[in-house]
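# Understanding the architecture of this molecule
Single-letter residue listing:
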Amino acid sequence: MMRWNGLGRSLLFGAFAAAAFIPFAIIATPLFGWSGAVAAYAIVSAAVYLSGLGPTLRQGLAASLLLGLGVSAIAVVAPSHRDVVLAAALALGVLRSGLLYRSRFARALAIESALGCGGLLIAGQIFDGSVVSTALAVWAFYLVQSVFFAVGGITLRRDRPDDVDPFEAARARALALLDDVGVGDSG
């Protein structure tokens, strides 16, 4: 699976997401209407984006599933497609900094607020309701989201392996320490 958990790869994802909107709109507009297609693409693209951000495939897919289910539930009761787009952007920020990456709370809140608001503001300026402007708005939103990887002080969250014997883990750490000191094999 392709991963886009870096600045360059995230920029490429933005271009891919923008280009993919056009065939998506051709297929989804007859099914959901124009506003529904835009809302559905906000959910799909944010979920796919999260799936490639996790430190492991399992974590990325879990965040993706949470976003998809949560924002889809909101889409059922949302009065307009703008509310769904806003919910998808909010969920993207919360799940990215809440589940997939580690940072101090205030820093994560400031970064995600700036990226979410900035991305939506720029996309909103570009969006005029046409297919091309919507694709460009998607591209602009994900370009802003790519800045997340240029900000320092953010680390991936890693799963702790449950099947590792604590004794074996301690032994491996002790051996690594001995190797660093130079006490290991003289062999």
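Everything below is about the structure printed above this text.
The rules behind the values
- Residues numbered from 1 in each chain as written.
- Predicted model: local features only at pLDDT ≥ 70, side-chain atom pairs only at ≥ 80, totals over all residues.
- Heavy atoms only, no water.
- Helix = DSSP H or I, 4+ residues; strand = E, 2+ residues; numbered from the N terminus.
- Polar contact = N/O pair within 3.5 Å; in protein donor to acceptor, adjacent residues only side chain to side chain.
- Patch = residues over 30% accessible without salt bridge, like charges linked within 9 Å, V, L, I, M, F, W, Y side chains within 5 Å.
- Areas by Shrake-Rupley, 256 points an atom, 1.4 Å probe, with all protein chains shown as cover.
- Salt bridge = Lys/Arg side-chain N within 4 Å of Asp/Glu carboxyl O.
- Buried < 20%, exposed > 50% of the residue type's maximum accessible area, 1.4 Å probe, protein only.
- Axes fitted to C-alpha atoms, helices over the stretch in contact; angles between N-to-C directions.
- Parallel < 35°, antiparallel > 145°, perpendicular 65-115°, else oblique.
- Left-handed = near helix turned anticlockwise from the far one by under 90°.
- Contact = heavy atoms within 4.5 Å.
- Nonpolar A, V, L, I, M, F, W, Y, C, P; charged D, E, K, R; others polar.
- Phe/Tyr/Trp six-rings, centres within 6.5 Å; stacked < 30°, edge-to-face > 60°.
- Expected span 1.5 Å × (residues − 1).

### Topic: the side chain of R96
Position of R96 relative to the elements: it lies in helix α3 (residues 81-100). A polar contact of 2.7 Å, which involves the side chain of R96, links it to the side chain of Q145.

### As for a nonpolar patch on the surface
Nonpolar side chains collect at one region of the surface, where I22, I26, I27, L31, F32 and V131 lie side by side and expose about 610 Å² of accessible area between them. If you tally residues by element for the nonpolar patch, the top one is helix α1 (residues 7-51), at five residues. Among the structural elements, F32 can be located in helix α1. In this structure F32 comes out as exposed when scored by relative accessible area, which is 52%.

### Here we look at the packing of helix α2 (residues 57-77) against α3
Running from N to C, α2 and α3 point in directions that differ by 150°, and their axes come no closer than 10 Å. In terms of their interaxial angle, α2 and α3 are classed as roughly antiparallel. Between α2 and α3 the crossing geometry is right-handed. On α3, the residues that touch Q59, G60, A63, L66, L67, V71, I74 and A75 of α2 are V84, A87, A88, A91, L92, L95, L99 and L100. Among the residues making up the contact of α2 with α3, the classes are represented as 14 nonpolar, two polar and no charged.

### Re the side chain of T134
In this structure, T134 sits in helix α5 (residues 131-146). By relative accessible area, T134 is classed as buried at 4%. Those residues in contact with T134 that lie beyond four places of it in its chain are F21, W34, V38, F127 and G129.

### As for the packing of aromatic side chains
By the definition in use, this model includes 12 aromatic pairs. Seen from their ring centres, Y101 and F149 are 5.9 Å apart, and the 70° between their planes marks the pair as edge-to-face. Here F149 lies in the loop between α5 and β2 (155-156) and Y101 lies in strand β1 (residues 101-102), a separation of 48 residues in the sequence. Pair check on accessibility: Y101 and F149 agree, each one buried.

### Some thoughts on α3
Over its 20 residues, α3 runs 27 Å from end to end, which matches the ideal 28 Å to within 8%, given 1.5 Å per residue. The set of residues buried in α3 consists of H81, V84, A87, A88, A89, A91, L92, G93, L95, R96, S97 and L100. Contacts from the buried residues of α3 go to α1, α2, β1, α4 (105-126), α5 and β2.

### Some details on the pattern of salt bridges
Applying the stated rule across the entire model yields one salt bridge. When the shortest N-O distance is used, the salt bridge between R96 and E112 registers 2.7 Å. Of this pair, R96 sits in helix α3 while E112 is found in helix α4, placing the two residues 16 residues apart along the sequence. A residue is classified by how much of its surface remains accessible, and R96, at 0% relative accessible area, is buried.

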